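Results of the structural survey
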Amino acid sequence: MRVVNRDGASPVVLVCEHASNRIPAVYGDLGLDAEARASHAAYDPGALPVAERLSALFDAPLVAGTVSRLVYDLNRPPEAPSAMPARSERFEIAGNRGLAPAERAARVACVYRPFERALAGLLEARGSGVLVTVHSFTPVFHGRPRSTEIGILHDADARLADRMLALAPAVPGLRAERNRPYGPQDGVTHTLVRHALPRGWPNVMLEIRNDLIASAADQDEMARRLHALIERAMAQLPTDNDRRDRP
């Protein structure tokens with residue numbers, strides 16, 4: 001786990017759970033070849049550079065994972081089978097097959113808990129803010145092309161997502177859809193549920209089709225567009241004074 005710009009002045013806190021495809025030596029290669037270890041199965045290509053650019057544009061802290069999601073998916077609770085998947089869309093993960101409870105517990109302790117504590121500690125120290133998580137997804141899934149370009153995902157709290165979706169058509173080159181290509185029914189909103197909802201923080205999960213952020217120039221442009229959209233949406237969120245003024 002890595003924290004960038006911990007003392008950033010923005011109310012935004014960014015998270016990139018699937019930032020890295022690194023598999024620590026203690027886990028070997030999980031039975032995967034080089035293609036699998038470099039694929040979307042192991043991490044979210046392009047997501048970390050976009051998150052880092054957003055961190056700079058907002059002057060916001062960023063909490064990023066440093067271990068492949070095939071070792072432990074930081075956007076899943078320990079009890080979820082997909083936290084340590086035995087299979088992805090295209091690959092068998094032999095090193096995750098038949099994990100003993102003690103092996104699973106060791107990964108939770110070594111990978112998930114430090115990330116969970118670091119993010120919770122950062123949010124607690126700030127008291128209030130906006131949580132934004134950054135992900136990418138593949139243009140083709142199980143042989144079917146995906147038309148979605150940007151997913152604006154939310155769980156029970158849709159305040160920020162609603163405003164972003166309403167404003168997105170005014171941002172050139174940014175075609176956004178609600179809870180696509182995944183949604184809370186797919187178990188992908190764990191970070192929002194675990195960290196934002198209990199604190200009452202407005203929150204959103206961004207899913208970006210990874211062919212749109214394949215180059216540094218594309219990543220820069222996407223970050224600028226998303227920064228503009230989030231800033232405008234945040235400006236429309238009610239303030240504490242607004243809430244106190246309501247009858």
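Worth saying up front: this structure is predicted, and the values here are computed from it rather than measured. (Residues numbered from 1 in each chain as written. Predicted model: local features only at pLDDT ≥ 70, side-chain atom pairs only at ≥ 80, totals over all residues. Heavy atoms only, no water.)

1. Overview of the pairing of strand E4 (residues 130-137)
Note the cut-off: Three labels apply to residues, based on accessible area from a 1.4 Å probe with only protein chains included: buried if under 20% of the type maximum, exposed if over 50%, partly exposed otherwise in between. Starting at the N terminus, helices and strands are each numbered in turn, a helix being any DSSP run of H or I of at least four residues and a strand any DSSP run of E of at least two.
For E4, the tally of buried residues reaches eight of eight residues, placing the bulk of the element in the interior. Neither face of E4 is open: one carries Val-130, Val-132, Val-134 and Ser-136, the other Leu-131, Thr-133, His-135 and Phe-137, and all of them are buried.

2. Thoughts on the sheet that holds strand E9 (residues 203-209)
We apply this condition: Between any two strands, at least two bridges found by DSSP are needed for them to pair. Axes here mean lines fitted to C-alpha atoms, for a helix over just the part in contact, with angles spanning 0 to 180 degrees between N-to-C directions. The contact criterion used is simple: two residues touch if any of their non-hydrogen atoms lie within 4.5 Å.
The strand order across the open sheet formed by seven strands is E1-E3-E2-E4-E9-E7-E8, and the pairing between neighbours is mixed. The sheet is open, and its two edges are formed by strand E1 (2-4) and strand E8 (176-178), each paired on a single side. Geometrically, the sheet is characterised by an average inter-axis angle of 25 degrees between neighbouring strands, direction not taken into account. Of the strands in this sheet, E1, strand E2 (12-16), strand E3 (62-64), E4 and E9 are in contact with helix H2 (residues 47-58), which crosses E2 at around 165 degrees. The sheet strands contacting helix H3 (residues 101-126) are E2, E3 and E4, and the helix crosses E2 at an angle near 175 degrees.

3. Some words on the nonpolar core
Stated precisely, the cut-off is as follows: Take the buried Ala, Val, Leu, Ile, Met, Phe, Trp, Tyr and Cys residues and link them wherever side-chain atoms come within 4.5 Å; each set so joined is a nonpolar core.
In terms of nonpolar packing, the biggest core is built from 38 residues, with Val-134, Met-164, Leu-206 and Leu-226 touching the most fellow members. Counting residues per element, this core draws most heavily on helix H6 (residues 216-235), at seven residues. Leu-226 has contacts with Val-50, Leu-54, Ile-150, Leu-174, Leu-206 and Ile-208, leaving out every residue within four places of it along the chain. Of all hydrophobic cores here, the second largest spans 36 residues; its members include Ala-83, Phe-115, Leu-131 and Trp-201.

4. Here we look at helix H4 (residues 159-167)
This is how it is decided: An arc is given here, and it is the one of the directions from the helix axis to the C-beta atoms.
Within H4 the residues assigned to the buried category are Leu-160, Ala-161, Met-164, Leu-165 and Leu-167. Here the buried residues of H4 occupy an arc of 170 degrees about the axis, which is enough to place them on one side. Each element contacted by the buried residues of H4 is listed here: E4, strand E7 (150-153), E8, E9 and H6.

5. Side note on H2
The periodicity of an α-helix, 3.6 residues per turn, causes residues three or four positions apart to be oriented the same way. For clarity, the cut-off: Here the expected span of a helix is defined as 1.5 Å times the quantity of residues minus one.
With 12 residues, H2 ought to run about 16 Å at 1.5 Å a step, and its terminal C-alpha atoms sit 16 Å apart, in line with that. Within H2 the residues assigned to the buried category are Ala-47, Leu-48, Val-50, Ala-51, Leu-54, Ser-55 and Phe-58. For H2, the angular spread of buried residues about the axis comes to 160 degrees, placing them on one side. In this fold, the buried residues of H2 make contact with E1, E2, E3, E4, E9 and H6.

6. What about the confidence of the model for the protein chain?
Inclusion rule: As a per-residue measure, pLDDT tells how confident the predictor is, with possible values from 0 to 100.
The pLDDT averaged across the protein chain works out to 95; a share of 97% of its residues lies at or above 70. Low confidence marks residues 241-247, where pLDDT is under 50. Its contacts with residues over four positions away, or in another chain, come to three contacts.

7. A few points about the side chain of Arg-69
What counts is decided by this rule: Whenever two N or O atoms come within 3.5 Å, that pair is a polar contact, provided that in protein one can donate a hydrogen and the other can accept it, and provided that, for residues adjacent in sequence, both atoms are side-chain atoms.
With respect to the helices and strands, Arg-69 occurs in the loop between E3 and H3. On the accessibility criterion, Arg-69 (12% relative accessible area) is buried. A polar atom in the side chain of Arg-69 sits 3.1 Å from the backbone oxygen of Ala-41. In terms of polar contacts, Arg-69 uses its side chain to reach the backbone carbonyl oxygen of Tyr-43, at 3.0 Å. Discounting residues that sit within four places of it in the chain, Arg-69 has contacts with His-18, Ser-20, His-40, Ala-41, Ala-42, Tyr-43, Asp-44, Ala-83 and Pro-85.

8. Structural notes on the environment of Met-205
Within the secondary structure, Met-205 is located in strand E9. Taking the C-alpha atoms as reference points, Met-205 and Asp-155, 50 residues apart in sequence, are found 9.1 Å from one another. Once residues within four sequence positions are removed from consideration, Met-205 is found in contact with Asn-75, Thr-133, His-135, Gly-151, Ile-152, Leu-153, Val-188 and Leu-192.

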